[in-house]
Amino acid sequence: MSEGEIVIQLDENRTAYRPGGIICGSVAWSLAEVPRSGEVRLVWNTSGKGAQNVSTVQTVTLAPTSSREQQRFELRAPESPYTFSGRLVSLIWAIEVELQPHSHSARQEIVISPTGSEIDLYAAGEPG
Amino acid sequence: MGSIAIQSRSGGGIIGRIIATVFFGVFAFVGVMIAISMQKDRRNADAASLWNVTPCTIAESAYVLPSGSSDGYRARIRYSYAIGGAEISSERFSVKDSAENDFEKIQRILLEYPSGAQTVCYVNPADVHDAILIPSRKASIAVFLFPMIFVGIGVIGMAAMWARPAKQAGPMIRSSSSKPSRRLLRWGLIAFFSIFLLVGLALSAVMLRQAGTAFAAKNWPEVPATVAFSRVASHSGDDSTTYSVDVLYRYEYGGKTYLSNRYHVIGGSSSGYDRKARVVKEMSPGKRIMVHVNPRDPVIAILETGFTWDLLFVLIPLVFVLVGAGGIIGTLWFASRGASTAAGSVAAAAAQSPQLSGGSSRRGKFIGLSIFTLIWNGFTWTFVILVIHDGGVKANLCFLSFLSVFVIIGLGTLFLTGQSLLQLFNPTVQLTLSRTPLHLGDNVILKWELAGRYDRVQRLTIVLEGRESARYRRGTDTHTDTKVFFRQTIADAAKQVEIVKGQKPLSIPATTMHTFDSSDNHIEWKIVVKGEIPNWPDINDEMKLTILPLPLSEIKPEVQS
């Protein structure tokens, strides 16, 4: 791992979770100095034609002790909202890590839905 | 999906920000200019109030008629005072002598400083020939708050346009709870609309009081008067000149002689010269007329009392009140909607009622349309009547052509209001679900029943619709786009017995999206009821359905990537 890098590694390389499921993984970093603090956040954001809306659903606090370290985290996928994709609006879930100072960060997108893939609003075609 | 995605923020182009910055910059600049001007006047007034107080005698107290159509009346008070044994004469009344269009102010000065009266004047210690009769009143500190409001709004607005969140060192997306620019803009908008509201309330209070005076004046004593001077006064504006009737008349009340030039209660000027010229021609000097005198303050007299078309100007400040109040309410409503839905919750608090009715939406539509139509047509027709009354159609053809656009829109809203009124008398549709709350994948029974004149309905359709909607800003405008992604016909009845009452199974699809609400993006589910009524506005009701996500117990445990 090169200096200044932060990597999020999800267990079993999973990127899809069911609502209520456990999201386990680890975050590894290699920085020039020992981070003062850190957080792992489960967030969703909308994208598409509308203004972007963002929400942080869960936060896990990290306690860094070294400039090169790996720490595990565990999050729970909420019941809703699902990852979905429409023509105007889409919703994306992600795990974000931020280390202070200097706001070093990383982001890993995931899917949260009952089917294992994002819900396509127009999967059945355009409505008649 | 191992890549890190970087999302860019949408909404509000650079050109829109520049335009808005210029707009707020002008606000701030105007505020600064007003403050500088007020400060300059205040300094002059402060200096003069420290001059030497010296006894003086009023030698002459008279008024000066306007020298031209755009000039005003002046008081000429000549007074004499002694300094070091020498008698000095002066005509300077105050630091800033200016002409007045309202003769009432001149009349009060003449009454306060009659010929022969003993009073005091203020003599400049640096030049004993420089004196004034009254120092200007010191402007209260509170008065300086007025221009500071403009400066504050301008600065806040400009800052909000360009304020950015802390720079993101990585690919994260900043949470919506920490958007300083949005909060700043919200407060800037509230301050901006507060100005409209305060100005509108202040002007409304003044004009309503004047309107009250107009009607109260009908009961004032009526006394004979003689026209001393008359003209059509002109007032030059930025783009055009307006005119007003100026008739100075003399009357007696309580053994004293007064002069006044108040024609109507509400002064002001307007375009249209000819009608005013006709009035002035009839009011030639020497003509005997009757005027109404305020018995509590005989300086105030009015020539025409009661209702006059000018009183419609009272409605104009209400525009400011409506814009101000509407803007504040709208800004706070959007802010609260954003706060309450920021978490994107599935509106669990709005538990789905098993009974749905479209009556409230019809009433809401009618009330909303009625208010808008009343305000729009009220203001539009007020201007049309005032313009036609003032100068006639031919003289104001250009302006009336411009107003015709507003008239056409007003007629359109009138039609829609009428249609929504008729829809209030349509049969009401009551829907009942066999089970609530509703989840994705649920199968329930939907019952319907019509009440009222259901015999007029020839066809009834009930449809379940899923819609996605996105709100975005383009420049300074806000748009909302909506698209239907799911549509399922629940019932389509053409026979009376099926129309008036019935039930059908309703299957909520399992592999689609549940109800979702965030500040600007929504997934909504609605039941749309349409009833065709010949020669009458159709039934067109929409009822909101809250569809919750699949219960966790019904979701398969294993999900592989």
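See the structure printed just above.
Anyway, here's the lowdown on the structure attached to this text. (Residues numbered from 1 in each chain as written. Chains lettered and ligands numbered in written order. Predicted model: local features only at pLDDT ≥ 70, side-chain atom pairs only at ≥ 80, totals over all residues. Heavy atoms only, no water.)

1. Re the pattern of salt bridges
Residues and elements named next belong to chain A.
Thinking step 1. Across all of its chains, the model carries 24 salt bridges over all chains by this definition.
Thinking step 2. The partner of R72 in a salt bridge is D11, with the nearest N and O atoms 2.6 Å apart. Here the residue R72 occupies a position in strand β6 (residues 68-76), and D11 occupies one in the loop between β1 (5-10) and β2 (16-17), the gap between them amounting to 61 residues.
Thinking step 3. Taking the relative accessible area as the measure of exposure, D11 reaches 27% and is therefore partly exposed. (Salt bridge = Lys/Arg side-chain N within 4 Å of Asp/Glu carboxyl O. Helix = DSSP H or I, 4+ residues; strand = E, 2+ residues; numbered from the N terminus. Buried < 20%, exposed > 50% of the residue type's maximum accessible area, 1.4 Å probe, protein only.)

2. Description of the sheet that holds strand β4 (residues 118-123) of chain B
Residues and elements named next belong to chain B.
Thinking step 1. The strand order across the open sheet built from five strands is β3-β2-β1-β4-β5, with neighbouring strands paired in antiparallel fashion. Of all the strands in the sheet, the pair left with one neighbour each is β3 (86-90) and β5 (131-132).
Thinking step 2. Note that strand β2 (residues 74-83) and β3 share five bridges and pair antiparallel. From the neighbouring strand, I83 faces β3, where its bridge partner is A86. (Pairing = 2+ DSSP bridges.)

3. Things to note about the pairing of β2(B)
Residues and elements named next belong to chain B.
Thinking step 1. Relative to β2, strand β1 (residues 52-64) runs antiparallel, the two sharing eight bridges. The residue bridging S61 from the neighbouring strand is I77, located in β2.
Thinking step 2. Hairpin connection between β2 and β3: a loop of two residues separates the two successive antiparallel strands, and G84 in this loop has a positive phi of roughly 60°.

4. What to know about helix α5 (residues 274-282) of chain B
All names here are of chain B.
Thinking step 1. Listing the buried residues of α5 in full gives K276, V279 and V280. Buried residues in α5, looked at end-on, bunch into an arc of 95°, giving them a common side. Exposed side chains of α5 directed beyond 90 degrees from the buried face belong to D274, R278, K281 and E282. (Arc of directions from axis to C-beta.)

5. Side note on the packing of aromatic side chains
Thinking step 1. The full count for this structure, using the stated rule, is 17 aromatic pairs over all chains.
Thinking step 2. With a centroid separation of 5.7 Å and an interplanar angle of 25°, the aromatic rings of F196(B) and F320(B) are classed as stacked. Of the two residues, F196(B) sits in helix α4 (residues 180-216) while F320(B) sits in helix α6 (residues 316-341), which places them 124 residues apart along the sequence.
Thinking step 3. Classification of F196(B) as partly exposed rests on a relative accessible area of 24%.
Thinking step 4. F320(B) sits in the partly exposed class, given a relative accessible area of 30%.
Thinking step 5. Linked through ring pairs, Y122(A), F485(B), F486(B) and W525(B) together constitute an aromatic cluster.
Thinking step 6. Residue placement shows R456(B) over the ring face of W536(B); its charged tip is 4.8 Å from the ring centre. (Phe/Tyr/Trp six-rings, centres within 6.5 Å; stacked < 30°, edge-to-face > 60°. Lys NZ or Arg CZ within 6 Å of the ring centre and 35° of its normal.)

6. Some thoughts on the side chain of T21(B)
All names here are of chain B.
Thinking step 1. When you line up the elements, T21 lands in helix α1 (residues 14-49).
Thinking step 2. According to the relative accessible area criterion, T21 is buried, its value standing at 17%.
Thinking step 3. The contact partners of T21, leaving out residues within four places of it in the chain, are M158, M161 and W162. (Contact = heavy atoms within 4.5 Å.)

7. Quick look at the sheet that holds strand β8 (residues 256-260) of chain B
Residues and elements named next belong to chain B.
Thinking step 1. Judged by pairing direction, the sheet is antiparallel, and its five strands sit side by side in the order β8-β7-β6-β9-β10 without closing on themselves. Edge strands, defined here as strands with exactly one partner in the open sheet, are β8 and β10 (301-302).
Thinking step 2. Inspection of the sheet shows strand β6 (residues 222-236) paired to strand β7 (residues 241-253) by eleven bridges, in the antiparallel sense. Its bridge partner lying in β7, F229 is registered against L248.
Thinking step 3. Packing against the sheet, helix α2 (residues 103-112) makes contact with β7 and β8, and its axis sits at approximately 150° to β8. (Axes fitted to C-alpha atoms, helices over the stretch in contact; angles between N-to-C directions.)

8. Some details on helix α8 (residues 397-424) of chain B
What sets the pattern is the α-helix's 3.6 residues per turn: residues three or four places apart point alike.
Thinking step 1. Its 28 residues place the ends of α8(B) 40 Å apart at the C-alpha level, agreeing with the 40 Å of an ideal helix rising 1.5 Å per residue.
Thinking step 2. Where α8(B) bends most, at L403(B), the angle is about 30°. (Expected span 1.5 Å × (residues − 1). Bend = angle between axes of the 7 residues up to and from the residue.)

9. Digging into the side chain of N377(B)
All names here are of chain B.
Thinking step 1. Topologically, N377 is positioned in helix α7 (residues 359-395).
Thinking step 2. Under the relative-accessibility criterion, N377 is labelled buried at 9%.
Thinking step 3. With residues near it in sequence (within four places) discarded, N377 still touches T382, G410, L411, T413 and L414.

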